[in-house]
Amino acid sequence: MTIDDAIAAAERAIDLSGRAPARARALARSVLRHVSAADPHGEAAAVAHRALAVAARELGDLPLAEEHLRHAVRIALGAGLPHRAAQARLSLVHVRTELGHPRQALAIADSAEPHLTRVEVAKLGVHRAVALSRLGRYTEAVGHCDRAIDVLGEDIRFLAGAMLNRGLARVFLGEFEAAEADLTRCAQLARRAGLDHVLTLAEGNLPFLAARRGDLPAAFTAYRRAESRLFGFPERLAVVRCDLAEALIAAHLPGEARALLDLAVPELAAAGANVALAEARLLLARAELRTGDPHRARQSAERAAAELATQGRTVLAPLATEILLRARLMLGPPCGESLTELLSCADALDGAGHRHVSGALRFTAAEVALRLGDRRTADEQLARLAGEPGVLAHQATALRRALAGNRRGAFAATRAGLAEVGAGATALEDPMVRAHAVRAGEPLAGFGLALALQTGRGRTVLAWAERWRAVTGGGGRPVAPRVDELRAALGDTALVEFVRHADELIAVAVTPDRVALRRLGPFSAVAEATVRLRYGLRRTHLLDGQAPGLAEEAALLERLLLGPLRGHLGERPLVIVPTGTLHTLPWPILPSNADRPVTVAVGAAAWLAGRRRRPVPGGRVVAVAGPGLRCAETEADMIGGCHPVTERVAARRPEVLAALEGAEVAHLAAHGMFSPRSPLLSSIALDDGPLMAYDLLRLRTPPRLTVLSACEAGMAHAPADGVPLGLAGTFLSLGSQCVVASLVPVRDEETLTLMTVFHELLAAGHPPARALCTASGKTGVAGFVCFGYGDQPVATGLEGSATQLDQDPT
């Protein structure tokens with residue numbers, strides 16, 4: 001191999017590194033072996049070491065990449081080849097950035113630029129953009145990519161890189177449509193050129209884009225795709241996990257974010273990706289703080305602060321300080337020095353452009369000042385915040401007015417803030433995205449509830465609880481139903497709405513003669529008893545015989561929840577509006593509920609809305625029998641025997657979704673699965689796969705009554721009051737009047753027995769809540785609950801015969 005051949009081969013290795021880094025590495029090593037004697041310190045060796053560096057970078061070994069590039073620079077300078085040295089420095093810019101030295105990387109770029117061609121300067125701009133983005137200089141990064149794209153022409157590898165870097169910078173700037181266009185174009189170029197690594201990076205950043213937009217379902221879907229593509233590239237997968245974790249923290253899902261970051265941080269440390277590692281530690285500290293672990297948060301924030309200081313990243317340093325200060329506040333009482341540090345950090349956050357974080361910290365400083373008796377400082381900070389746009393301004397105004405004794409004005413400011421939160425959530429169609437988006441208004445809603453509790457009036461507390469439920473449910477405006485209208489609709493039925501204030505559980509009972517307010521004690525005690533009761537029910541249904549202690553736990557919960565209200569409730573039918581863990585409680589199992597209809601509603605206003613929906617005479621009844629369930633076919637046949645015209649629908653998703661549209665009654669007998677961490681992934685099993693809660697979002701007119709004869713299909717996770725997420729909750733949010741479903745595992749034979757009696761009673765004209773109560777009493781089968789509005793009889797026609805549709809699954 002001649003020297004010219006060796007140089008050409010080394011250049012080919014550089015070109016190959018983006019498509020096949022392992023082959024590029026082998027070719028570069030071959031070049032070095034051939035020139036070791038003839039030209040050990042010449043041009044071919046310099047280019048070959050650069051090729052080895054680029055391949056190492058693509059394979060995630062950043063320290064090795066830097067070692068080869070440093071060697072390439074030394075060889076080139078020793079041989080009097082400033083152009084080759086500048087080319088190596090061009091590649092070194094990106095590597096030094098990722099190793100945690102973006103300022104040094106920019107200095108290296110400045111030293112390389114005079115010796116590069118016009119096209120190479122454009123390539124240098126692509127790498128500069130990475131360093132600038134790491135320093136928070138996103139607009140400059142976009143400018144460098146703009147200029148590079150104008151020059152690069154048909155250099156697909158760097159053109160794709162410019163699109164990628166510009167897209168990411170635009171995500172941080174909030175230019176989401178332009179960012180998506182850049183990332184899509186990058187993926188197209190990479191796919192066409194066989195640049196699998198670049199393609200993987202483009203697709204790997206789609207979860208970050210989707211999450212920044214607030215589209216968490218799309219973010220999770222894109223993440224799962226990226227996870228499979230990035231298998232074998234742990235450093236890059238770790239970066240994708242960090243991007244998604246950042247968005248999850250913003251969406252008030254710190255537990256999910258922490259799980260991702262616990263995986264990402266060790267991988268980044270092992271790869272030596274120090275820039276990404278510092279950011280990951282910072283995110284981890286925030287997730288630890290939000291999950292109530294101040295000790296770990298302080299440790300992570302201290303390490304992140306030290307690494308950011310070493311890297312000269314002053315833009316991010318105040319964020320680490322903010323977490324440290326909040327961790328200290330969680331670990332002990334504040335002092336005068338704490339207040340000074342909070343205000344100093346808020347100023348630093350403002351200077352670094354983190355105004356959304358500084359505002360929240362100033363509000364915390366105002367609260368600390370009030371605890372320390374420094375009313376003047378508190379008022380100064382609140383006045384400053386009150387003049388800013390956003391929900392926090394309303395919260396600051398409300399607190400100022402409350403401190404001045406103006407409760408009416410405080411209520412008005414709180415309502416205005418909740419209206420702003422609600423207005424921003426109305427455009428979000430996905431219930432889970434909306435539920436987490438509105439959580440930014442939780443402190444304000446909690447403040448309004450605290451003011452309402454100060455009045456001691458049940459009507460006022462009920463109104464503020466309902467206002468928050470209206471916002472979280474997507475209604476937009478924080479409105480509450482009139483108590484007189486609610487009483488008239490309830491008749492002799494009683495409604496009990498539960499609310500939480502910190503760890504205190506409060507109940508408001510609406511009966512024909514009064515609205516009673518009762519403070520029930522710690523919510524944690526009720527939540528723990530609910531978990532124990534559900535555990536006992538699971539054992540009862542999965543094993544032979546009744547689990548020991550089940551009756552005692554039910555009696556305990558009744559004393560905690562309904563005991564203080566017993567004199568007001570009597571034996572009336574009940575409408576229960578739960579909060580938090582109480583969404584998972586099978587309310588009919590409480591001793592005093594055994595013989596009365598009980599309906600569980602999302603809120604008082606939601607119950608009223610369900611009451612207004614009227615049946616359609618002769619409406620369709622749909623029956624579906626899922627796979628792998630012993631009694632499913634028998635159960636579906638039973639439905640046809642009870643109701644004159646029943647459609648038997650094949651257990652396939654397209655057919656089932658089509659049949660659900662506009663049905664009066666839908667009965668689905670199948671295996672159920674509840675997903676507590678992603679409740680809209682909860683599903684029932686069909687022949688062609690799971691029918692998830694997400695699939696149901698396509699329905700325009702859901703069934704008026706839906707019976708989910710499946711294990712735990714009534715379970716829900718409520719990230720905020722008014723948003724029980726799960727299968728039953730999804731049907732109700734789409735407009736179903738009533739859903740009957742189980743909160744525990746159920747035996748096939750027992751379910752068939754219960755459902756037979758239930759549907760016989762429905763066909764005889766009993767409303768769902770009464771029919772379920774009677775059927776449970778006759779059969780002794782517990783665990784099913786009536787959700788929504790359960791006092792309207794169904795209208796399924798009075799004559800006809802059952803029909804069989806789509807019996808052959810082929």
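Residues numbered from 1 in each chain as written. Predicted model: local features only at pLDDT ≥ 70, side-chain atom pairs only at ≥ 80, totals over all residues. Heavy atoms only, no water.

S.K.: Which residues make up the sheet that holds strand β11 (residues 689–692), and what values go with them?
M.R.: The antiparallel open sheet is built from 3 strands, whose spatial order is β9-β10-β11. Either end of the sheet is taken by a strand with one partner, and the two such strands are β9 (672–673) and β11. As judged from the 4 bridges shared by strand β10 (residues 683–686) and β11, these two strands associate in the antiparallel manner. Within β11, the position partnered with A685 by the bridge is P690. Along the sheet, helix α33 (residues 653–660) contacts β10 and β11; its crossing angle with β11, the most-contacted strand, is approximately 30°. (Pairing = 2+ DSSP bridges. Helix = DSSP H or I, 4+ residues; strand = E, 2+ residues; numbered from the N terminus. Contact = heavy atoms within 4.5 Å. Axes fitted to C-alpha atoms, helices over the stretch in contact; angles between N-to-C directions.)

S.K.: Got a sec to walk through the pairing of strand β6 (residues 621–625)? Specific residues and values, please.
M.R.: Taking burial as the measure, the 5 residues of β6 include 5 buried ones, the bulk of the element. Here β6 shows a buried face lined by V621, A623 and A625 and a second buried face lined by V622 and V624. As paired elements, β6 and strand β7 (residues 646–649) share 4 bridges and run parallel to each other. The residue of β7 that forms the bridge with V622 is E647. Handedness of the crossover is the feature at issue here: the chain leaves β6, passes through helix α32 (residues 632–642), returns alongside β7, and the resulting connection is right-handed. (Buried < 20%, exposed > 50% of the residue type's maximum accessible area, 1.4 Å probe, protein only. Right-handed = clockwise from strand over helix to strand, strands pointing away.)

S.K.: How would you summarise the packing of aromatic side chains if you had to cite specific residues and measurements?
M.R.: Under the counting rule described, the total for this entry stands at 4 aromatic pairs. With 4.7 Å between their ring centres and 5° between their planes, Y138 and F172 make a pair best called stacked. Of the two residues, Y138 sits in helix α8 (residues 138–152) while F172 sits in helix α9 (residues 156–172), which places them 34 residues apart along the sequence. For F172, a relative accessible area of 31% puts it in the partly exposed group. Over the aromatic face of W464 sits the side chain of R467, whose NZ or CZ is 4.8 Å from the ring centroid. (Phe/Tyr/Trp six-rings, centres within 6.5 Å; stacked < 30°, edge-to-face > 60°. Lys NZ or Arg CZ within 6 Å of the ring centre and 35° of its normal.)

S.K.: Before we move on, can you summarise the pattern of salt bridges with the specific residues and values?
M.R.: Note that side chains of opposite charge can pair when their charged atoms are close. For the structure on display, the rule yields 49 salt bridges. In this structure, R566 engages E558 in a salt bridge whose closest nitrogen and oxygen atoms are separated by 4.0 Å. A relative accessible area of 10% means that E558 is categorised as buried. (Salt bridge = Lys/Arg side-chain N within 4 Å of Asp/Glu carboxyl O.)

S.K.: Could you give me a rundown of the confidence of the model for the protein, with the residues and numbers involved?
M.R.: Averaged over every residue, the pLDDT of the protein is 89; the share at 70 or more is 96%. In the model, residues 798–810 has pLDDT below 50 throughout and makes 27 contacts with residues more than four positions away in sequence or in other chains. (pLDDT = per-residue confidence, 0-100.)

S.K.: Give me the lowdown on the side chain of R313, citing residues and values where you can.
M.R.: Counting through the fold element by element, R313 comes out in the loop between α17 (294–310) and α18 (317–331). Relative accessible area serves as the criterion here: at 2%, R313 is assigned to the buried category. Among the polar contacts listed, one links the side chain of R313 to the backbone oxygen of V275, at a separation of 3.1 Å. With residues near it in sequence (within four places) discarded, R313 still touches P102, R134, L135, V275, A278, E279 and L308. (Polar contact = N/O pair within 3.5 Å; in protein donor to acceptor, adjacent residues only side chain to side chain.)

S.K.: Can you break down the pairing of strand β13 (residues 738–742) residue by residue, with the values?
M.R.: Of all 5 residues that make up β13, 5 are buried, and the element is covered over most of its length. By the alternation rule, side chains of β13 split into C738, V740 and S742 and V739 and A741, which are all buried. Inspection of the sheet shows strand β12 (residues 705–709) paired to β13 by 4 bridges, in the parallel sense. Bridge assignment links L705 to a residue of β13, and that residue is C738. In this view, the connection linking β12 to its parallel neighbour β13 by way of helix α35 (residues 727–734) has right-handed handedness. Where β13 and strand β14 (residues 784–788) come together, 5 bridges link them in antiparallel fashion. For V740, the partnering residue across the bridge sits in β14 and is C786.

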